[in-house]
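Okay, here's what each chain looks like letter by letter:
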Amino acid sequence: RYEKWWLTLGTGSLIIFLIILGISAFHQGHQPPSAKAYINPEQVDVIAPFDKPGLKKVEGKEWDYELVLVASTFLYNPGEVEVPKGSRLKIIATTKDVIHGFEVAGTNINMMLEPGYISEYTTTLDKTGEFLVVCNEYCGVGHHTMKSMIKVV
Ligand code: CUA
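Okay, so let's go over this structure.

About the criteria used
- Residues numbered from 1 in each chain as written.
- Predicted model: local features only at pLDDT ≥ 70, side-chain atom pairs only at ≥ 80, totals over all residues.
- Heavy atoms only, no water.
- Phe/Tyr/Trp six-rings, centres within 6.5 Å; stacked < 30°, edge-to-face > 60°.
- Helix = DSSP H or I, 4+ residues; strand = E, 2+ residues; numbered from the N terminus.
- Buried < 20%, exposed > 50% of the residue type's maximum accessible area, 1.4 Å probe, protein only.
- Lys NZ or Arg CZ within 6 Å of the ring centre and 35° of its normal.
- 1 Å grid on protein atoms, 1.4 Å probe; cavity = no way out; pocket = protein on both sides within 12 Å on 5 of 7 lines; lining within 4 Å.
- Points joined across faces, edges and corners; volume = space filled by probe spheres on them.
- Nonpolar A, V, L, I, M, F, W, Y, C, P; charged D, E, K, R; others polar.

What to know about the packing of aromatic side chains
Any two aromatic rings considered together are summarised by their centre-to-centre distance and by the angle between their planes.
Thought 1: Inspection of the entire model under this criterion finds three aromatic pairs.
Thought 2: Measuring from ring centre to ring centre gives 5.3 Å for tryptophan 5 and tryptophan 6, while their planes differ by 80°; the resulting arrangement is edge-to-face.
Thought 3: Centroid distance tyrosine 38 to tyrosine 117: 6.2 Å. Interplanar angle 90°. Geometry classified as edge-to-face. A residue pair is termed long-range when its members are at least 10 positions apart, and tyrosine 38 in strand 1 (residues 36–38) and tyrosine 117 in strand 9 (residues 117–124) qualify at 79 residues.
Thought 4: Classification of tyrosine 38 as exposed rests on a relative accessible area of 60%.
Thought 5: The residue whose ring lies beneath lysine 57 is tyrosine 65, and the NZ or CZ to ring-centre distance is 5.1 Å.

Have a look at this one:
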């Protein structure tokens, strides 16, 4: 009798454990905040798309604009960009040297750029205004000067 009770408890907790495991696996698989692919940081300048950083309008994709961005101490290339209100923007970014951040104040854009990796983030810019871009990862003496701007017009 006693053993049966323990067996039920054991089986029950195993099932609960498996359900939790399943739920967390589902969440991880279904919300990648930033896809990461490998890139040689020394070849960022010559590997597409980073050989031509900038903002470009794209056709036939789920987003309207692509911002190809290269961070390096202590600047972003391109710097200030202007995007029409309501556009869907895909940011494709990497860094040439150390870890930098790409946080856009007042939006949900907050990316960590790691050497050797490509970070991607897609969002819709639905408010007009000037949004300050800041580096939120300490990257050296000029860290606090590492800023840019996204203008939504
Ligand atoms: Cu770049 Cu801090």
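Quick word on empty space enclosed by the protein
Thought 1: As enumerated under the stated definition, the model contains one cavity of 30 Å³ or more in all.
Thought 2: Its boundaries defined by the atoms lining it, the largest cavity holds a volume of some 40 Å³.
Thought 3: What lines the largest cavity is Leu67, Leu69, Tyr76, Pro78, Gly79, Val81, Phe102, Val133, Ser148 and Ile150.
Thought 4: Contributions of two or more residues to the lining of the largest cavity are made by strand 3 (65–72) and strand 11 (147–152).
Thought 5: By residue class, the composition of the lining of the largest cavity is eight nonpolar, two polar and no charged.

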